[in-house]
Amino acid sequence: MNRTPLLELHDVRVAFGPEPAEPVLHIDELVLYEGEFLGIAGESGAGKTTTGLTVLGLTRHAGARVSGSVRLAGEELLSAPERRLRRLRGSTMTLIPQNPAAAFSPVLPVGTTVLRTLRLHGCTRAEARARAAAGLERVGLPTGHLARYPHQLSGGQLQRVAIALASALRARLLIADEPTSALDVMAQAQICTLLTELRTAHGTALLFISHHLALLAGLCDRIAVLHRGRVIEDRPAADLVAAPRADRTGQLLAAAPRLGGAPGPRSADEKNGKGRNDGRGGTR
Ligand SMILES: Nc1ncnc2c1ncn2[C@@H]1O[C@H](COP(=O)(O)OP(=O)(O)OP(=O)(O)O)[C@@H](O)[C@H]1O
């Protein structure tokens, strides 16, 4: 793997409300390398979404006080003007949201949103059409689906259109915030496969936010576990899942549904032969 840092967080603190409110996020150091898949895990309220939004420069819109340093390909984002961030969002970095419907206007065919976004990021009309079609092909959807409205697509199909757009934009960094939590287990697996294919095709790096440790372990190279806004473990995914160091990580693993028999501590019932969780439970 390319060991060139793509995203570097250093002493990042995010606080909401008037001073001296305690930061809800305080990351000393977090690095994502070019083409790497990094999972961000942690229980509800740990600061996962805040991490993603801060990288995208969106917490400032929620009235947060943000300090420290967030660098993308060497460029400081925290002090970047909004105009610059708007350009970077959707070109160099792209969000795949938990609810893809939120990324598409309900009153427009999804293709219109896709084409407008590509045009906004410098494509000619012909390039935008060609890239949109190639993106749809990459995610296994007929190009005719571009004419559909969001409500005419399933959650999984809509998420695939969102990934097709990310692919068409050729983003170097994807930030995916619980992108599969509303999907069934088959659709989850398809999305993970597509993300991996995107890396192969474009060298895309991924910040994948989820509390579903087994899913992260199956997809990511490395997992950082957040607890109360701090990184308590940051290790290769296989090592972390096989032998968690922090108690919190062990608890998350014990509580997590599993996909495809991913490793994890076994409960007393499992050890006594009373069956395993097959990972088909909900993720939230
Ligand atoms: N706009 C906001 N105003 C005030 N507090 C906020 C705001 N956004 C997030 N927080 C607080 O920051 C903390 C971290 O929230 P965050 O959404 O990042 O957690 P999370 O790990 O993504 O949780 P979940 O898995 O439930 O989505 C929480 O205590 C939350 O209440």
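So, how was this worked out
Residues numbered from 1 in each chain as written. Predicted model: local features only at pLDDT ≥ 70, side-chain atom pairs only at ≥ 80, totals over all residues. UniProt positions renumbered as here; feature names shortened; annotations may be inferred. Helix = DSSP H or I, 4+ residues; strand = E, 2+ residues; numbered from the N terminus. Near = placed C-beta within 6 Å. Nonpolar A, V, L, I, M, F, W, Y, C, P; charged D, E, K, R; others polar. Axes fitted to C-alpha atoms, helices over the stretch in contact; angles between N-to-C directions. Parallel < 35°, antiparallel > 145°, perpendicular 65-115°, else oblique. Left-handed = near helix turned anticlockwise from the far one by under 90°. Contact = placed C-beta atoms within 7 Å. Domains from an automatic or database assignment. Pairing = 2+ DSSP bridges. Buried ≥ 20, exposed ≤ 12 C-beta atoms within 10 Å, placed from the backbone. Expected span 1.5 Å × (residues − 1).

Chemist: Talk me through the UniProt feature "domain: ABC transporter" (unreviewed entry) in the protein; I want residue IDs and the actual numbers.
Modeler: Taking the UniProt record as the reference, the feature "domain: ABC transporter" (unreviewed entry) is found at residues 7-253. Helix makes up 38% of residues 7-253 and strand 24%, and the two end C-alpha atoms of the span are 27 Å apart.

Chemist: I'd like to hear about the site of the ligand, residue by residue, with values.
Modeler: Neighbouring the ligand are the residues Phe 16, Val 24, Gly 42, Ser 44, Gly 45, Ala 46, Gly 47, Lys 48, Thr 49, Thr 50, Ala 62 and His 211. Here the shell around the ligand is composed, by residue class, of four nonpolar, seven polar and one charged.

Chemist: Residue-level account of the packing of helix α3 (residues 110-120) against helix α5 (residues 155-169), with values.
Modeler: Running from N to C, α3 and α5 cross one another at 20 degrees; their axes reach a closest spacing of 10 Å. Here α3 lies roughly parallel to α5, going by the angle between them. In terms of crossing hand, the pair formed by α3 and α5 is right-handed. Contacts from Val 110, Val 114, Thr 117 and Leu 118 in α3 reach Val 161, Leu 165, Ala 168 and Leu 169 in α5.

Chemist: How would you explain the domain arrangement of the protein if you had to name every residue and give the values?
Modeler: By domain assignment, the protein separates into domain 1 (1-92 + 172-284) and domain 2 (103-170). At the junction of the two partners, domain 1 supplies twelve residues and domain 2 supplies twelve residues. It is helix α6 (residues 185-202) that provides the largest number of residues to the side of domain 1 that touches domain 2, a total of six residues. For the side of domain 1 that touches domain 2, a count of residues per class yields eight nonpolar, four polar and no charged.

Chemist: I'd like a rundown of the sheet that holds strand β9 (residues 222-227), residues and numbers included.
Modeler: The sheet built from six strands is open, its strands ordered β6-β7-β8-β3-β9-β10 with mixed pairing. The sheet is open, and its two borders are formed by β6 (93-96) and β10 (230-236), each paired with just one other strand. For this sheet, the mean angle separating the axes of adjacent strands, direction not counted, is 15 degrees. By the bridge criterion, four bridges tie strand β3 (residues 37-41) to β9 in an arrangement that is parallel. Bridge pairing in β9 places Ala 41 opposite Val 225. The strands that α5 touches are β6 and β7 (173-177); relative to β6, the one it contacts most, it runs at about 175 degrees.

Chemist: Account for unusual backbone geometry, with residues named and values stated.
Modeler: The residue Ala 73 is not glycine, and still its phi comes out positive at about 50 degrees. Position of Ala 73 among the secondary structure elements: in the loop between β4 (65-72) and β5 (75-76). For Ala 73, a count of 15 C-beta atoms within 10 Å translates into the label partly exposed. Of note in the backbone geometry, Glu 178 takes a positive phi value of approximately 45 degrees without being a glycine. Here Glu 178 shows up in the loop between β7 and α6.

Chemist: Summarise α5; cite the residues concerned and give the values.
Modeler: Helix length check: α5 (15 residues) gives 21 Å between terminal C-alpha atoms against 21 Å at 1.5 Å per residue, within 8%. The element α5 is largely enclosed, with a buried count of twelve among its 15 residues. Along its buried surface, α5 packs onto β6, α3, α4 (125-138), β7 and α6. Arg 170 sits one or two residues past α5 and shows a positive phi near 55 degrees.

Chemist: Please set out the pairing of strand β1 (residues 5-15) residue by residue, giving values where relevant.
Modeler: Two strands pair when backbone bridges link them, and β1 and strand β2 (residues 25-33) are joined in this way by eight bridges, in the antiparallel orientation. Paired with Leu 7 across the strands is Leu 32, a residue of β2. Direction of pairing for β1 relative to β4: antiparallel, over a ladder of seven bridges. Each residue of the ladder has a partner; that of Leu 7, found in β4, is Leu 72.

Chemist: For the packing of α3 against α4, give the residues involved together with the corresponding values.
Modeler: In contact at an axis separation of 9 Å, α3 and α4 are set at 125 degrees when each is read in the N-to-C sense. Accordingly, the angle class assigned to the pair α3 and α4 is oblique. Crossing angle aside, the handedness with which α3 passes α4 is right-handed. Contact with α3, carried on its side by Gly 111, Val 114, Leu 115, Leu 118 and Arg 119, involves Arg 125, Ala 128, Arg 129, Arg 131 and Ala 132 of α4 and no other residues of that element. Each residue belonging to the contact of α3 with α4 can be placed in one class, and the counts come to five nonpolar, one polar and four charged.

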